[in-house]
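Here is how the chains run, residue by residue.
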Amino acid sequence: METNNLHLDAAARYRIYAQGRFDPDWLDMLSGAWVIYRRPSDNRSVTILVGEVADQAALMGVLEQLYSLGFPLLLVEYMAGQTMRKA
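The text that follows walks through the structure, step by step, so that each part is easy to find. Quick caveat: nothing in here was measured; it's all calculated off a predicted structure.

## Digging into the overall build of the chain
- A count of helical and extended segments in the chain gives one helix and four strands.
- N-terminal to C-terminal, the α/β element order of the chain is β-β-β-α-β.
- The buried share of the chain, reckoned over its 87 residues, is 29%.
- Intrachain contacts of the chain at a sequence separation of at least 6 include 68% that bridge at least 24 residues.
- Approximately 5,900 Å² of the chain is accessible, and the part contributed by carbon and sulfur atoms is 50%.

Now the structure itself:
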């Protein structure tokens, strides 16, 4: 029996790769809890966001926000079995 099934109405954690440099001050514009995990320092401007959203609708809102800010998406990865820890 698989325990990491994804459901449309369940909270889940994602890693999003977007082209460009996402300013950390913009994180509050995204629904859910997000952090900038890593920004490679080579000539390719890529921002990697790691975060948790309440459901698939909230994920779509985050993707729409990135689109409206002009960040082309490179990859959206579901992080099965991983949740963000509360401090």
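Next comes the rest of the description.
## Looking at the packing of aromatic side chains
- One pass over the full model with this rule turns up four aromatic pairs.
- Arranged with centres 6.0 Å apart and planes meeting at 70°, the rings of Trp26 and Phe71 form a pair that is edge-to-face. Here Trp26 is found in the loop between β1 (12-19) and β2 (33-38), whereas its partner Phe71 is found in the loop between α1 (56-68) and β4 (73-78), with 45 residues between them in sequence.
- Trp26 sits in the partly exposed class, given a relative accessible area of 32%.
- Among the aromatic residues, ring-to-ring pairing joins Phe22, Trp26 and Phe71 into one connected group.

Rules used throughout
- Along each chain, residues carry numbers from 1 onward, in the same order as the chain's sequence is written.
- Local features in this predicted model are restricted to residues whose pLDDT is 70 or higher, and side-chain atom pairs enter the listing and the counts only when it is 80 or higher, whereas totals over whole chains, interfaces and linings include all residues.
- With hydrogens and water stripped out, all remaining heavy atoms of the structure feed into the side-chain values.
- Put simply, DSSP H or I for four residues or longer makes a helix, DSSP E for two residues or longer makes a strand, and each gets a number counted from the N terminus.
- For every residue, the accessible area (1.4 Å probe, protein chains only) is compared with the maximum for its type, and the residue is labelled buried under 20%, exposed over 50%, or partly exposed between those bounds.
- The contact definition used throughout considers only heavy atoms, calling two residues in contact when any of these lie within 4.5 Å.
- Values of accessible area rely on a 1.4 Å probe in the Shrake-Rupley scheme; residue burial ignores everything except the protein chains shown.
- The criterion for an aromatic pair is that two Phe, Tyr or Trp rings (for Trp, the six-membered ring) have centres within 6.5 Å, with stacked assigned to planes under 30 degrees apart, edge-to-face to planes over 60 apart and tilted to the rest.

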